[in-house]
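Chains, contacts and geometry: an overview
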Amino acid sequence: MASSRRASAIDRGRSRKLYALMSAALHLDPDRFLPSEPAARAIARRLFDSVEKTPILSPHGHTDPAWFAYDQAFEDPVSLLLWPDHYLLRMLYSQGLALERFGLRPSDAGEVETDRRVIWRRFAEAYRLFRGTPSRLWLDHVFAEVFGLDVRLGPDTADHYYDAITAALARPEFRPRALFERFGIEALATTEGAVDGLEHHRAIEASGWPGRVITTFRPDDVTDPAREDFKYNLARLGALTSEDATRWSGYLAALATRRATFRQHGATATDHGHPTARTANLSKVEAQALLDRFLRGRAEAGDAELFRAQMLTEMALMACDDGMVMQLHPGSWRNHNPVLLRRFGRDRGADIPTRTDYVGALKPLLDRVGEHPGFSLILFTLDETNYARELAPLAGCYPCLKLGPAWWFNDSPEGMLRFRRQTIETAGFYNTVGFNDDTRAFLSIPARHDLARRMDCAYLAELVATHRLDEDEAAELAPELAYGLAKAAYRL
Ligand SMILES: [Zn+2]
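Structure report, in brief. Given the structure is predicted, the values throughout are model-derived calculations rather than measurements.

1. Describing the coordination of the zinc ion
Protein-derived coordination of the zinc ion comes from H60 (NE2), H62 (NE2) and D438 (OD), at a distance range of 2.0 to 2.2 Å. When the donors of the zinc ion are listed by position in the chain, the intervening gaps give H-x1-H-x375-D. With a gap of 376 residues between them, H62 in the loop between β1 (56-58) and α3 (65-70) and D438 in the loop between α19 (413-427) and α20 (445-465) connect regions that are remote in the sequence. On the basis of relative accessibility, which here comes to 25%, the residue H62 falls in the partly exposed class.

2. Here's the deal with a negative patch on the surface
The grouping of D470, D472, E473 and E476 at the surface amounts to a negative patch. Looking at where D470 falls in the secondary structure, it is placed in the loop between α20 and α21 (471-489).

3. So, the pattern of salt bridges
Opposite charge on two side chains makes pairing possible when the charged atoms of those side chains draw close. Under the definition given, this model contains 34 salt bridges. Close ionic contact of D108 with R343 constitutes a salt bridge, the shortest N to O distance being 2.6 Å. Of this pair, D108 sits in the loop between α5 (86-94) and α6 (116-126) while R343 sits in helix α16 (residues 338-344), placing them 235 residues apart in sequence. One salt bridge connects R418 with E384, and the closest N-O pair in it is separated by 2.9 Å. With R418 in helix α19 and E384 in the loop between β10 (377-379) and α18 (386-395), the pair connects residues that are 34 residues apart, well separated along the chain.

4. Some thoughts on the side chain of N436
Assignment of secondary structure puts N436 in the loop between α19 and α20. N436 gets classed as buried once you look at its relative accessible area, which sits at 4%. There is a polar contact of 3.3 Å between the side chain of N436 and the side chain of Y490. Those residues within four positions of N436 in sequence are excluded, and the remaining contacts are P59, H60, Q327, F380, P405 and Y490.

5. So, the sheet that holds strand β2 (residues 185-189)
Taking strand neighbours across the sheet as the criterion, the three strands line up as β1-β2-β4 in an open arrangement whose pairing is parallel. Sheet topology places β1 and β4 (213-214) at the edges, where each strand pairs with a single neighbour. The pairing of β1 with β2 spans three bridges and is parallel. Residue S58 lies in a different strand from β2, and its bridge partner there is L188.

6. Some remarks on the pairing of β2
In terms of burial, β2 is largely enclosed, as four of its five residues are buried. As judged from the two bridges shared by β2 and β4, these two strands associate in the parallel manner. Counterpart to L188 in the pairing with β4 is V213.

7. Notes on empty space enclosed by the protein
Inspection of the entire model under this criterion finds three cavities of 30 Å³ or more. Its volume calculated, the largest cavity comes out at about 110 Å³. If you go around the largest cavity, the residues you meet are P405, A406, M416, F419, R420, T432, V433, G434, F435, A452, D456 and L481. Looking at the lining of the largest cavity, the elements with two or more residues in it are α19 and α20. Per-element tally for the lining of the largest cavity: the top contributor is α19, with three residues. For the lining of the largest cavity, the class distribution of residues is eight nonpolar, two polar and two charged.

8. Focus: the packing of aromatic side chains
Applying the stated criterion across every chain, the model contains 30 aromatic pairs. Taking the centre distance of 5.5 Å and the plane angle of 5° together, the rings of F147 and F174 count as stacked. Of the two residues, F147 is situated in the loop between α7 (134-146) and α8 (158-169) and F174 in the loop between α8 and α9 (176-182); the sequence distance between them amounts to 27 residues. In this structure F147 comes out as buried when scored by relative accessible area, which is 13%. With centroids separated by 5.9 Å and ring planes inclined at 90°, the aromatic side chains of W248 and F307 adopt a geometry described as edge-to-face. Of this pair, W248 sits in helix α13 (residues 248-264) while F307 sits in helix α15 (residues 303-322), and the two are 59 residues apart along the sequence. Of the residues examined, W248 reaches a relative accessible area of 4% and is grouped as buried. Three or more aromatic residues joined by ring pairs form one cluster here, namely W67, F68, F74, F180, F183, W209 and F442. Its end group placed over the ring of W138, R448 keeps NZ or CZ at 3.7 Å from the ring centre.

9. What to know about unusual backbone geometry
The backbone of F33 sits at a positive phi, close to 70°, despite the residue not being glycine. Among the secondary structure elements, F33 is positioned in the loop between α1 (2-22) and α2 (38-51).

10. Overview of the side chain of D221
Inspection of the secondary structure puts D221 in helix α11 (residues 220-223). With no salt bridge to any partner, buried D221 finds its closest opposite charge in R227, at an N-O distance of 5.7 Å. Apart from the residues within four sequence positions on either side, D221 is in contact with G193, A194, V195, R227, F230 and N233.

11. A short note on the packing of α20 against α21
Taken N-terminus to C-terminus, the directions of α20 and α21 make an angle of 160°; their axes are 10 Å apart at the nearest point. Here α20 lies roughly antiparallel to α21, going by the angle between them. For the pair α20 and α21, the crossing hand works out as right-handed. Contacts between α20 and α21 involve R453, D456, C457, L460 and V464 from the first element and E471, A474, L477, A478, L481 and A482 from the second.

12. Some remarks on the environment of H329
Along the chain, H329 falls in the loop between β7 (325-328) and β8 (332-333). Between the C-alpha atoms of H329 and P275, which are 54 residues apart in sequence, the distance is 8.5 Å. Ignoring sequence-local partners within four residues, the contact set of H329 consists of H60, D271, H272, G273, H274, F380, W407 and D438. Within the local environment of H329, its side chain forms a polar contact with the side chain of D271, the two groups lying 2.6 Å apart.

Definitions and cut-offs
Residues numbered from 1 in each chain as written. Predicted model: local features only at pLDDT ≥ 70, side-chain atom pairs only at ≥ 80, totals over all residues. Heavy atoms only, no water. Donors = N, O, S within 2.8 Å, 3.2 Å for Na, K, Ca; no water. Helix = DSSP H or I, 4+ residues; strand = E, 2+ residues; numbered from the N terminus. Buried < 20%, exposed > 50% of the residue type's maximum accessible area, 1.4 Å probe, protein only. Patch = residues over 30% accessible without salt bridge, like charges linked within 9 Å, V, L, I, M, F, W, Y side chains within 5 Å. Areas by Shrake-Rupley, 256 points an atom, 1.4 Å probe, with all protein chains shown as cover. Salt bridge = Lys/Arg side-chain N within 4 Å of Asp/Glu carboxyl O. Lys, Arg positive; Asp, Glu negative; His and termini not counted. Charge placed at Lys NZ, Arg CZ, Asp CG, Glu CD. Polar contact = N/O pair within 3.5 Å; in protein donor to acceptor, adjacent residues only side chain to side chain. Contact = heavy atoms within 4.5 Å. Pairing = 2+ DSSP bridges. 1 Å grid on protein atoms, 1.4 Å probe; cavity = no way out; pocket = protein on both sides within 12 Å on 5 of 7 lines; lining within 4 Å. Points joined across faces, edges and corners; volume = space filled by probe spheres on them. Nonpolar A, V, L, I, M, F, W, Y, C, P; charged D, E, K, R; others polar. Phe/Tyr/Trp six-rings, centres within 6.5 Å; stacked < 30°, edge-to-face > 60°. Lys NZ or Arg CZ within 6 Å of the ring centre and 35° of its normal. Axes fitted to C-alpha atoms, helices over the stretch in contact; angles between N-to-C directions. Parallel < 35°, antiparallel > 145°, perpendicular 65-115°, else oblique. Left-handed = near helix turned anticlockwise from the far one by under 90°.

Right, here's the structure in full:
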């Protein structure tokens, strides 16, 4: 009798779950992403409880400082969640869906959908495409936690979502600064080019708002001579700093001045997005000759790569002087799809990882500054084959090298585990720098940190459950991975 009562209770539980599925409830399980094995799950849960509410440090990302400077309301779900998100656009495009139908204006004056509700309905219809991807996990977190939605996004709930999100965004508590505070963000770094005027950062400072939004110096606009606007940017760099940027010495002095200006606006780090990790060590005469070839339109094959390579070493030398932390994000073949680039421009999801060498590429830079006290270079990769072969051994040797977290396509539950499994045994936890959300999707920042903390606790729990680490040590590491390592590495 008792067992049949138990059985029918189980049946009722099952049918409730089934019903929930049929009505497409949106429910974030409190144990999501944690190990399914009960002993490891219990350990992971204890660890995660200790870091769930830890303040967020976002030391590298691409949010728009204008949001925090002027605190204007976001408009609607399409312009806030869909248009800026290259992960979403690339999936839609890869399935043969025309981006015009999602409101992206092509350069060839083709027809474009302008009704944002219609666009949102189309996105809701396509939402199934994101099953199994981190985009789905991040968005569901945004829908449930930021907007309090409790049904899943799909064709039948598209209008409900559109109305609920649009109405919420009109309320003061959904303005950028209020969200920043609600998200528990302690510091957030944006990224600006070397000739950016930093007006928005000045406006944030002048406003007296206490939120800590700092800039990051990303000089690719003046260190990559392959860019079509290189000469123009160089002229602007010279004008901004009253230096002659056509002379190698003036060019370097101008860059040092800009770094100082960025530091005045809170920057503690620089970032370098090069096609490769190659570095060089040219003499001043060779460097001036190289610059001259670009200024006179006489550059030869390999010159652009050599110029960028030399500039990484120059930036490292300046970092030794001014104490800024250097980040290197190499290995992305930008705008791989020429049709997509021509019709819809950059950042539409056509950037594809390439194979990347570090051991040989970084040697000239490391020979020059690798032992300089206080120099710090954080390495990222899109090429996971070098985690165990190159990156972990390098970081496990040079005091100046640290490993950035799983980046971009690897910023995912599986990607984070692959990163830990392939680097920690050689580099240890303390040669890594915690998590970067690296996003322009502001509302997804809590989702991304929540996911990273859960995956780190899952990994730590596995080490404890297999007796590779004691639980009190894992309990010490969990807040380091969530907060302490990023604060130290980025000198925040
Ligand atoms: Zn980035």
